[in-house]
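These are the residues of each chain, in order.
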Amino acid sequence: MLHQRRGTTSQSSGGGGGLSVATGGDYSYSGSGYGNGGSYTGYPQQQQYTASAPRRPQDTSSKTRRYPGETPWWRKYIVHLLLGGLLLISVVTSRVSYGRLQKKYQELLKEESLNRSLMTNTHESRNAELLREVSELRRKVSQVETERDALKHEHHETKVTLEEHQDMHHSLSTELEYSQNKETEVMKNFKFLTNYIQSESYREILERFGEGPHRVKFTVEFFTDVSYEGSGPASKQVPERSFVIQLAPINVMPHAVHLFLEQVDHKLWDGCAFVINAQHVIQASPVAPNFLGDTIQHLDKLSGFRNARLDKLAYSEFSEDYHHMKWTVGFAGRPSGPDWYINLSDNMDSHGPGVQQHHAFTDDADPCFGEVIEGFDVIEEMRKQETAHGMFVKYVHLKSAVILKGSTGSTISTSGEKISTHATTDAHASGMVDGIPANVNLPKNFEKDSKMEQGHVVVDATAELHHA
C-alpha cells in the first residue's frame, strides 16, 4: 500500500521535469521524463539509503491522509454541514408544508362533508317537497276526475232537462201564441165595449140632460154653520156656501160625465161629505158628516149608489185632451168612483196615466171630467178647515147637488123624466145616425161605425143592442 510522503515534489531541470516520489521502501522514482531522444527514463530505480535524521512515525489515519488534488476535509465537513442543514431545512419545510396541506386537506374534507350533508339535506327536503307536490297533484287529478264525472252526469241531466225544456218551450210557445191571439181578441172586445159604453153614454146624456155644457152646483156647510144636539145655537145669518162645476164636453168624456150627472140627478150626493184634505186634493165620499149626532155619525151612504148601480164606472175613462190641472175634478179609485176630488194643484204627474203603480192596470189614469168655475173662495175656506192625518176633523157637509139649467134651453127634470132640448129637436130635424144626432161630434176616442171581427162574425161597434 502506498502512502503519500509529507515531503515535497520537485521538478527536475530536465526537459520533462521529473517527479520524485518517496515510498516507504527502498525504491524511488526519478527521471527526467522524456528526453531529447524521445525515450522514457522515468522508470523506477533502486535508491540507495543514506544516513539521515530519524523520521517521525507516519499518521496512517484517513483524516490526515490526502491525495494529490483532494479537497481538504474541513471543506468537505462544511459542505456536509451545509447539505445536512439544507436537508434539515428541506425536511422541516416539507413537514410544515405537509402539516399545512394535511390541515387544508382536513378542512377540505370537513367542508366536503358539510357540503355533502347540506346537499343531502337539500335533496331530502326537495325530495320530500316533490313527494308532497306529487301527492297533491295526484289528489287534484283525483278531484278533477271526480268533478269530470260529476260534470258528465250533470251534462247528461242538463241535456235531458234541456230536451224537457225544449218540449216545454214548444208547448209554452203554443200557449203564448194562443194567449197573444186571445189578448188580441180581448182587446178587440174591450175596444168594442168601451166604444159601445161611450156611445150609449153619449146617447143617454143627449136624451136626458141635453148637449150641454152641463153645470152642477154644490152647496156645503161647515161644522160651525149648523146646530146639533148639545152644540148650542148656530151662527146667525150664515151665508150660503156653494161652488159650481162645469163638466167636460160629452164628446171628450161621455161615460164619466154621464155617471156623474146620473148620481146628481138621483140626489145620491145630497147629505154626503168631503172627508179627505190632502192639501193637493179635497175628496168627497158617500159618507154622512160626523157631527150631526151619534145616530147617523159615520153613516155609510154607499148602499144608495150600489142600489142604483151608479157606484162605479165600467172602466177608467181618460182623455189626453182633459188633464188633471188645478181646479179640475176627477173620480178616485179603480175602476173609478163613486169618490171624487177637486185638484188643488196640477196633479198630472200623480193622477195621470202610468203613475199610480199600486193599481193592477198601471197604464190607467183617474178620469178627469170637469172643472170648478165658481166658488173658489168656498173651496179655499174648506181647505183651511182643521185637518188631522189628511182627514177633516169635522167633515164638510155636502148639503145638496143640483144640475143647473144650461144655455141651450134645456129643461132639467129631477124626477127622472127625460128632457127635451132645442139641440135634440134640431138634431132630429137634421137626421139621426144610429140614434145619435148627426150634427153632434162623437168622442175623440170613439170610432164611429168601427167594425171589429170576432171570429167569423162582424160586429158594428155603434150598433144598438136590444135587450129581451
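This text follows the structure it describes.
Note that this is a predicted model, so its numbers are computed, not measured.

Peer 1: Break down the overall build of the protein for me, with residues and values.
Peer 2: Each helix and strand in the protein was counted, giving six helices and 16 strands. The buried share among the 468 residues of the protein stands at 30%. Accessible area for the protein stands at about 30,900 Å²; split by element, carbon and sulfur atoms hold 54% of it.

Peer 1: Can you break down the packing of helix H1 (residues 73–208) against helix H2 (residues 254–265) residue by residue, with the values?
Peer 2: Two quantities define a packed helix pair, namely the angle between the helix axes and the distance between the axes. The contact between H1 and H2 brings their axes to 8 Å, and the two run at 45°. Of the possible angle classes, the one that applies to H1 and H2 is oblique. Seen along the crossing, H1 lies across H2 with a hand that is left-handed. Of the residues in H2, those touching H1 at Ile197, Gln198, Ser201, Tyr202, Glu204, Ile205 and Arg208 are Pro254, His255, Val257, His258, Leu261, Glu262 and Asp265.

Peer 1: Give me the pairing of strand E5 (residues 241–247): which residues, what numbers.
Peer 2: Counting buried positions along E5 gives six out of seven residues, so the element sits mostly inside the fold. Inspection of the sheet shows strand E4 (residues 215–221) paired to E5 by six bridges, in the antiparallel sense. Paired with Thr219 across the strands is Ser242, a residue of E5. Both E5 and strand E10 (residues 368–374) contribute to a ladder of four bridges, which runs antiparallel. Paired with Val244 across the strands is Glu374, a residue of E10.

Peer 1: Can you explain the pattern of salt bridges? Please cite residues and give values.
Peer 2: Two side chains with opposite charge may pair up if their charged atoms get near one another. What the rule picks out here adds up to eleven salt bridges. Linked through salt bridges whose partners overlap, the residues forming this network are Arg208, Glu262 and Asp265.

Peer 1: Now, about the nonpolar core: what can you tell me, with residues and values included?
Peer 2: Phe243, Phe260, Trp269, Phe274, Trp340 and Ile342 are the most contacted members of the largest nonpolar core, which has 52 residues in total. If sequence neighbours within four positions are ignored, Phe274 has contacts with Val220, Phe243, Ile282, Gln283, Ala284, Trp340, Ile342, Met382, Phe392, Tyr395, Val396 and Leu398.

Peer 1: Which residues make up the pairing of strand E8 (residues 328–331), and what values go with them?
Peer 2: Side chains Thr328 and Gly330 of E8 all project onto a buried face; the interleaved residues Val329 and Phe331 project onto the opposite face, where all are buried too. The sheet contact formed by E8 and E10 spans three bridges and is antiparallel. In the sheet register, Thr328 faces E10, and the bridge partner there is Glu371. Sheet topology places E8 next to strand E9 (residues 340–343); three bridges connect them, and they run antiparallel.

Peer 1: Break down the packing of aromatic side chains for me, with residues and values.
Peer 2: Given two aromatic rings, their pairing is described by the distance between the two centres and the angle made by the two planes. Under the defined criterion, the tally for this structure stands at 14 aromatic pairs. Pairing Phe260 with Trp340 gives two aromatic rings, centres 5.5 Å apart and planes at 80°, and the pair type is edge-to-face. Linking Phe260 in helix H2 with Trp340 in strand E9, this pair joins segments that are 80 residues apart in sequence. With respect to class, Phe260 is no different from Trp340; both count as buried. Ring centres 5.6 Å apart and planes at 75° place the aromatic pair Phe274 and Trp340 in the edge-to-face group. With Phe274 in strand E6 (residues 272–277) and Trp340 in strand E9, this pair connects stretches of sequence that are 66 residues apart.

Peer 1: Before we move on, could you go through the side chain of Gln263 and cite the residues and values that matter?
Peer 2: Position of Gln263 among the secondary structure elements: in helix H2. What makes Gln263 buried here is its relative accessible area of 0%. Discounting chain neighbours no more than four positions away, the residues touching Gln263 are Leu268, Trp269, Phe305, Leu310, Asp311, Phe331 and Pro338.

Peer 1: Please give an account of unusual backbone geometry that cites residues and values.
Peer 2: Generally, phi is negative for residues other than glycine and the peptide bonds are trans, each holding for most cases. A cis amide bond links Gly212 with the next residue in sequence, Pro213, at an omega value of 5°. Inspection of the secondary structure puts Pro213 in the loop between H1 and E4. Backbone geometry at Gln279 places phi at a positive 70°, although glycine is not the residue there. Not every positive phi belongs to a glycine, and Arg309 is a case in point at roughly 55°. For Arg309, the location among the structural elements is in the loop between helix H3 (302–307) and E8. You can call Arg309 exposed: its relative accessible area is 74%.

About the thresholds
Residues numbered from 1 in each chain as written. Predicted model: local features only at pLDDT ≥ 70, side-chain atom pairs only at ≥ 80, totals over all residues. Heavy atoms only, no water. Helix = DSSP H or I, 4+ residues; strand = E, 2+ residues; numbered from the N terminus. Buried < 20%, exposed > 50% of the residue type's maximum accessible area, 1.4 Å probe, protein only. Areas by Shrake-Rupley, 256 points an atom, 1.4 Å probe, with all protein chains shown as cover. Axes fitted to C-alpha atoms, helices over the stretch in contact; angles between N-to-C directions. Parallel < 35°, antiparallel > 145°, perpendicular 65-115°, else oblique. Left-handed = near helix turned anticlockwise from the far one by under 90°. Contact = heavy atoms within 4.5 Å. Pairing = 2+ DSSP bridges. Salt bridge = Lys/Arg side-chain N within 4 Å of Asp/Glu carboxyl O. Core = buried A, V, L, I, M, F, W, Y, C linked by side-chain atoms within 4.5 Å. Phe/Tyr/Trp six-rings, centres within 6.5 Å; stacked < 30°, edge-to-face > 60°.

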